[in-house]
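Spelled out from the first residue to the last, the chains are:
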Amino acid sequence: MTGGSSGIGKSFIGTTAKLQPSLQFCNLSRRIPDINLPELKLRHFACDLASAEAIERTAPQLVAHLNEVAPLGRVVLINNSGFGTYGRFPEPNLAEQLDMADVNMRAVLHLTGLLLPELKRRGGAIMNIASTAAFQPTPHLGTYGATKAFLLHWSIALGEELGGSGVRVLAVCPGPTSTGFSQRAGLQPGQLAEGPRMTSEDVVMASWLALAAGRSVVIPGAKNRFLAALAGLTPKPFAAKVAGRLISGRRLPPEKR
């Protein structure tokens, strides 16, 4: 798991550990997940996923740990870590835009490539956490949406390439979810969707059910599936205008970010 210290990643660890306490969990992120489960078998690897050097250093340690504590058994790699920023490009600054591309895309390619031999040897799956933002251009969240579109299409293509290898690939595309994403991105709470949001636990359960069903893409929530389907039927320039109007002017004041 990458980014298991908060949000959907943290819920993946906590919820899944309750369902199957015997599983071994590994988390790659800057902070240790604060999950109060006495039976949780969790090893944290401090890793800055924006750093290629950190990933190169951590991946062999991760494989060695897996072979020590669980020499047999399938492995699920969940590429969850990611973030977004709100504003006109390159706001808030170009460095953060580049970090976003590194974490949301390059780190996924890098870690998956390094761990793929172990996944093929053992069998298992790769889950890539994308977003419903992958289905249309998103002004003011342009880089974020583009990274998630990349992740969606790359996941589907990778799944085809790995057919028959014993490794399946699932792209998970949540809509607005009750996590810290909005504040991290600099958006006012509740501005990306009207009505109740899905919980991160809902996303976790939908993901495991989709993986068990052999699907390649899952969009948790009926409303999210409808909006994604509608976006697919709408000309992209028009979809961009609509999305831009919906989320323009939603920036948090600096003291609340």
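Structural data are supplied above this passage.
These numbers come from a predicted model, not from an experiment.

Enquirer: Please give an account of the overall build of the chain that cites residues and values.
Expert: Across its full length, the chain holds 8 helices and 6 strands. Of the regular secondary structure in the chain, the N- to C-terminal order runs α-β-β-α-β-α-β-α-β-α-α-β-α-α. For the chain, the proportion of contacts with a sequence separation of at least 24, taken over those separated by at least 6, is 67%. Accessible surface for the chain amounts to roughly 12,800 Å². Of this, 58% is attributable to carbon and sulfur atoms.

Enquirer: Break down the nonpolar core for me, with residues and values.
Expert: Core analysis: the biggest nonpolar cluster contains 23 residues, and L62, L111, L115, L119, I126 and L162 have the highest contact counts within it. Sorting the residues of this core by element identifies β1 (24-29), α2 (52-69), β3 (75-79), α3 (94-122) and β5 (167-172) as the ones contributing at least two each. Among the elements that take part in this core, α2 stands out by supplying 6 residues, more than any other. The residues contacting L115, other than those within four sequence positions of it, are A59, L62, V63 and L77. In this structure, I8, F12, F25 and V218 belong to the second largest nonpolar core, which totals 20 residues.

Enquirer: Provide a residue-level description of the packing of α2 against α3, including the pertinent values.
Expert: When two helices pack together, their arrangement is given by the angle between their axes and by how far apart the axes lie. Orientation of α2 relative to α3, taken along the N-to-C sense of each, is 20°, at an axis distance of 10 Å. Judged by the angle between their axes, α2 and α3 are roughly parallel. Along this stretch, α2 crosses α3, giving a crossing that reads as right-handed. Across the interface between the two elements, A52, I55, E56, A59, L62, V63, L66 and N67 from α2 touch R106, A107, H110, L111, L114, L115, E118, R121 and R122 from α3. Along the lines of polarity and charge, the residues of the contact of α2 with α3 split into 10 nonpolar, 2 polar and 5 charged.

Enquirer: Residue-level account of the side chain of S5, with values.
Expert: Residue placement: S5 occurs in the segment before α1 (7-19). Residues contacting S5, with those up to four places away along its chain left out, are K10, N27, S29, R31, I32 and P33.

Enquirer: Tell me about the pattern of salt bridges, and name the residues and values.
Expert: Within the structure shown, the criterion is met by 4 salt bridges. Between R30 and D48 there is a salt bridge; the shortest N-O distance is 3.2 Å. You can see R30 sitting in the loop between β1 and β2 (41-46) and its partner D48 sitting in the loop between β2 and α2, a full 18 residues away along the chain. With a relative accessible area of 63%, R30 lands in the exposed category.

Enquirer: Summarise the packing of α1 against helix α6 (residues 200-212); cite the residues concerned and give the values.
Expert: Interhelical geometry of α1 versus α6 gives an angle of 65° and a closest axis separation of 8 Å. Regarding α1 and α6, the two cross each other, and that crossing is right-handed. Residues G7, I8, S11, F12, T15, T16 and L19 of α1 pack against S200, E201, V203, V204, M205, S207 and W208 of α6. Here the contact of α1 with α6 is composed, by residue class, of 7 nonpolar, 6 polar and 1 charged.

Enquirer: Before we move on, could you go through the pairing of β5 and cite the residues and values that matter?
Expert: Among the 6 residues in β5, 5 count as buried, and that is most of the element. Once you follow strand β4 (residues 124-129) into helix α4 (residues 142-161) and on to β5, the crossover reads as right-handed. As paired strands, β5 and strand β6 (residues 217-218) are joined by 2 bridges and run parallel to one another. Within the sheet, the bridge partner assigned to A171 lies in β6 and is V217.

The rules behind each value
- Residues numbered from 1 in each chain as written.
- Predicted model: local features only at pLDDT ≥ 70, side-chain atom pairs only at ≥ 80, totals over all residues.
- Heavy atoms only, no water.
- Helix = DSSP H or I, 4+ residues; strand = E, 2+ residues; numbered from the N terminus.
- Contact = heavy atoms within 4.5 Å.
- Areas by Shrake-Rupley, 256 points an atom, 1.4 Å probe, with all protein chains shown as cover.
- Core = buried A, V, L, I, M, F, W, Y, C linked by side-chain atoms within 4.5 Å.
- Buried < 20%, exposed > 50% of the residue type's maximum accessible area, 1.4 Å probe, protein only.
- Axes fitted to C-alpha atoms, helices over the stretch in contact; angles between N-to-C directions.
- Parallel < 35°, antiparallel > 145°, perpendicular 65-115°, else oblique.
- Left-handed = near helix turned anticlockwise from the far one by under 90°.
- Nonpolar A, V, L, I, M, F, W, Y, C, P; charged D, E, K, R; others polar.
- Salt bridge = Lys/Arg side-chain N within 4 Å of Asp/Glu carboxyl O.
- Right-handed = clockwise from strand over helix to strand, strands pointing away.
- Pairing = 2+ DSSP bridges.

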